[in-house]
Amino acid sequence: SANGLVAVITVDGAVVREVNLDRVTGEETYELSNGIIIATEEHQIWFEESNCKDKICVSSGKLSKAGDVAACVPNKTVIHIEGSDSVDIITY
């Protein structure tokens, strides 16, 4: 992405928010209509709180690199990071 790292948040397959992680300067939270709270801080995003039973999404940690993905399956909510980042792998 020309805009750096962008976190795309989807609920039931529909994009509900895009967050340019390069522009986040302090901690911010977003409450989604399904009750999930997503938090961001400098170049990171994560599931802060969820009303699901097991809270695996909350335990998935902070996402900070292009290609990182976390999901709350019961709430059909996914966070994935798009954009250019450091090299992940090189093969010869």
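Computed from a predicted structure; not experimentally measured.

A.B. asks: Summarise the sheet that holds strand E3 (residues 28-31); cite the residues concerned and give the values.
C.D. replies: An order of E3-E4-E5 is seen for the 3 strands of this open sheet, with the pairing classed as antiparallel. Pairing within the sheet leaves two strands with one partner each, and these edge strands are E3 and strand E5 (44-49). Recorded for the sheet is a direction-independent mean angle of 25° between the axes of neighbouring strands. Pairing of E3 with strand E4 (residues 37-41) involves 4 bridges; the strand directions are antiparallel. By the bridge assignment for E4, Glu31 is matched with Ile37.

A.B. asks: Summarise the environment of Glu27; cite the residues concerned and give the values.
C.D. replies: By secondary structure assignment, the location of Glu27 is in the loop between strand E2 (14-20) and E3. On the basis of relative accessible area, Glu27 is assigned to the exposed category, the value being 54%. Between the C-alpha atoms of Glu27 and Thr40, which are 13 residues apart in sequence, the distance is 5.5 Å. Dropping the residues within four chain positions of it, Glu27 is found in contact with Thr40, Glu41 and Trp46.

A.B. asks: Hey, could you go over the packing of aromatic side chains for me, with residue numbers and the actual values?
C.D. replies: Overall, the coordinates contain 0 aromatic pairs when judged by the stated rule. Positioned above the aromatic ring of Trp46, the side-chain terminus of Lys62 is 4.4 Å from the ring centre.

A.B. asks: Provide a residue-level description of the nonpolar core, including the pertinent values.
C.D. replies: If you look at the biggest cluster of nonpolar residues, it comprises 20 residues, and the most contacted ones within it are Ala7, Leu21, Ile38, Ile45, Phe47, Ile79 and Ile81. Within the residue set of this core, elements represented by two or more residues are strand E1 (6-11), E5, strand E6 (69-72) and strand E7 (77-82). The contacts of Ile79, once residues within four sequence positions are left out, are Ala7, Val8, Ile9, Ile38, Ile45, Trp46, Phe47, Leu63, Asp68, Val69 and Ala70.

Cut-offs and rules
Residues numbered from 1 in each chain as written. Predicted model: local features only at pLDDT ≥ 70, side-chain atom pairs only at ≥ 80, totals over all residues. Heavy atoms only, no water. Pairing = 2+ DSSP bridges. Helix = DSSP H or I, 4+ residues; strand = E, 2+ residues; numbered from the N terminus. Axes fitted to C-alpha atoms, helices over the stretch in contact; angles between N-to-C directions. Buried < 20%, exposed > 50% of the residue type's maximum accessible area, 1.4 Å probe, protein only. Contact = heavy atoms within 4.5 Å. Phe/Tyr/Trp six-rings, centres within 6.5 Å; stacked < 30°, edge-to-face > 60°. Lys NZ or Arg CZ within 6 Å of the ring centre and 35° of its normal. Core = buried A, V, L, I, M, F, W, Y, C linked by side-chain atoms within 4.5 Å.

None of the figures reported here should be taken as evidence of function without further support.
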